[in-house]
Amino acid sequence: MNKILIIGACGQIGTALTEKLREDYGNENVIASDIREGGKEMMESGPFEIVDATSKERILEVVKKHEVKQVYLMAAMLSATAEKYPQKGWELNMTSLLAVLDLAKEKYIDKVFWPSSMAVFGSTSPKINTPQQTIMEPTTVYGISKVAGEHWCNYYHEKYGVDVRSIRYPGIISWKSLPGGGTTDYAVDIYFEALKKGSFECFLSEDTRLPMMYMEDAIDATVNIMKANPECVKTRTSYNLAAISFTPKEIAQEIKNYIPDFEITYKPDFRQDIADSWPRIIDDSAARKDWGWEHAYDLTSMTKDIITNLKKHEELLS
Ligand code: VAH
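Everything numeric here is computed off the predicted structure, so don't read it as measured data. (Residues numbered from 1 in each chain as written. Predicted model: local features only at pLDDT ≥ 70, side-chain atom pairs only at ≥ 80, totals over all residues. Heavy atoms only, no water.)

Draft legend 1. View of the overall build of the chain. Tallying secondary structure elements over the chain gives twelve helices and 16 strands in all. A compact globule built from 318 residues would reach a C-alpha radius of gyration of about 20 Å, and the chain, at 19 Å, matches this within 12%. Each principal axis of the C-alpha atoms in the chain carries an extent, and together these give about 55 × 45 × 35 Å. For the chain, contacts bridging at least 24 residues in sequence account for 77% of all contacts bridging at least 6. As displayed, the chain offers around 13,600 Å² of accessible surface, 48% of which is attributable to carbon and sulfur atoms. Taken together, the 37 basic and 47 acidic charged side chains of the chain have centroids lying 3 Å from each other. (Helix = DSSP H or I, 4+ residues; strand = E, 2+ residues; numbered from the N terminus. Rg over C-alpha atoms; globule rule 2.2 N^0.38 Å. Contact = heavy atoms within 4.5 Å. Areas by Shrake-Rupley, 256 points an atom, 1.4 Å probe, with all protein chains shown as cover. Lys, Arg positive; Asp, Glu negative; His and termini not counted. Charge placed at Lys NZ, Arg CZ, Asp CG, Glu CD.)

Draft legend 2. A look at the site of the ligand. In the vicinity of the ligand, the residues found are L78, S79, S117, M118, Y142, Y169, G182, T183, T184 and W278. One nitrogen or oxygen atom from the side chain of S117 is found 2.9 Å from an oxygen atom belonging to the ligand. Separating an oxygen atom of the ligand from a backbone N or O atom of T183 is a distance of 2.7 Å. Taking 280 Å² as the accessible area of the ligand by itself, protein coverage stands at 95%. (Near = heavy atom within 4 Å. Polar contact = N/O pair within 3.5 Å; in protein donor to acceptor, adjacent residues only side chain to side chain.)

Draft legend 3. Structural context of the pairing of strand β4 (residues 68–73). Most of β4 is tucked away, with five of its six residues classed as buried. Where strand β1 (residues 3–7) and β4 come together, five bridges link them in parallel fashion. Paired with L5 across the strands is V71, a residue of β4. Here β4 pairs with strand β5 (residues 111–113) via three bridges, running parallel. In the sheet register, V71 faces β5, and the bridge partner there is V112. (Buried < 20%, exposed > 50% of the residue type's maximum accessible area, 1.4 Å probe, protein only. Pairing = 2+ DSSP bridges.)

Draft legend 4. A look at the sheet that holds strand β10 (residues 171–173). The three strands are arranged β10-β12-β14 in an open sheet whose pairing can be described as mixed. Every interior strand has two partners, whereas the edge strands, β10 and β14 (244–246), have only one. Averaged over neighbouring strand pairs, the angle between their axes works out to 45° when direction is ignored. Most of the contacts of helix α7 (residues 186–196) go to β10, to which it runs at about 25°, and overall it touches β10, β12 (210–214) and β14. (Axes fitted to C-alpha atoms, helices over the stretch in contact; angles between N-to-C directions.)

Draft legend 5. Structural detail: the side chain of S277. For S277, the position within the fold is in the loop between α10 (271–276) and β16 (281–282). When sequence neighbours within four positions are dropped, the list of residues in contact with S277 reads F121, G122, S123, K127 and T139.

Draft legend 6. Local environment of helix α8 (residues 215–227). Its 13 residues give α8 an end-to-end C-alpha distance of 18 Å, which sits within 8% of 18 Å, the value for a rise of 1.5 Å per residue. When α8 is considered as a whole, its buried residues turn out to be M215, D217, A218, I219, A221, T222, V223, I225 and M226. (Expected span 1.5 Å × (residues − 1).)

Draft legend 7. How the structure looks around the domain arrangement of the chain. The domain architecture assigned to the chain consists of domain 1 (3–171 + 215–240) and domain 2 (173–212 + 244–317). Distance from the C-alpha centre of domain 1 to the C-alpha centre of domain 2: 23 Å. At the junction of the two partners, domain 1 supplies 38 residues and domain 2 supplies 36 residues. Interface of domain 1 and domain 2: buried area, both sides summed, is about 3,100 Å²; carbon and sulfur atoms make up 61% of it. (Domains from an automatic or database assignment. Buried area = accessible area lost by both parts, 1.4 Å probe.)

This is how it looks when you write it as structure tokens:
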């Protein structure tokens with residue numbers, strides 16, 4: 001069995017990805033790692049290693065120890081935090097990627113997944129049905145690091161035959177694992193606040209439409225692109241991926257179907273400029289055509305699933 005290493009396993013996507021890969025491939029075959037230990041379920045369900053994602057030596061040590069053949073590099077500093085710490089954001093996002101790509105080039109590992117983001121697009125990119133290939137002039141450190149990373153992935157594939165696969169995640173929404181430092185994170189926080197307080201102050205304006213995706217769909221896409229036959233993965237920079245696009249006003253309306261007295265107020269902050277530079281609706285037809293991507297959740301079914309699960313897990317609301 002090709003063992004899998006997840007770097008950044010304790011993050012919002014990493015947590016869900018660890019659970020899914022352990023379910024699919026067996027707990028002992030999926031090594032979770034992060035800069036600090038994770039929650040009880042992660043630590044008790046399979047092997048865990050402390051790994052600094054920027055240390056190629058430490059990653060190689062773990063790859064050798066567990067005979068790892070596939071790496072999912074999920075560690076990154078997201079858009080809002082990277083604007084506060086530009087140098088650290090660039091260093092983490094780039095040094096970690098080049099370390100893992102080099103290990104693949106040196107044949108220590110066979111296959112790499114690396115997440116890009118819709119943040120690669122900027123204000124000069126078409127906002128509606130943003131194409132797979134178009135103008136990409138990001139105005140965030142995070143977006144700049146993701147555009148650079150995409151070209152590094154393509155370079156290592158073309159020049160060294162590295163099998164690296166990537167998707168441009170939109171905003172990801174989950175109830176089990178919380179995000180950190182993202183501009184789209186309002187769409188996670190709103191559910192928790194609605195159930196805890198019945199109200200939410202949104203840091204984006206009510207009509208800020210952004211591409212979003214339920215975590216279940218994001219994990220499904222991640223696992224499927226890694227399972228795809230190499231010849232189906234025609235794009236080796238990164239694939240556009242989309243599911244739903246909504247505004248804070250629209251998600252608040254969905255929540256009111258369950259909490260009629262829920263109130264939302266708007267107090268845009270520095271993240272409004274970031275959101276305004278991103279697409280409204282993304283064209284992901286290439287992913288659908290090349291490796292069969294399709295989403296399962298829309299805003300209504302996602303809201304129902306989140307509210308239902310948060311009510312079942314009241315400990316998450318304390
Ligand atoms: C962020 N959730 O907000 C991430 C994502 C496109 C958004 O990359 O930074």
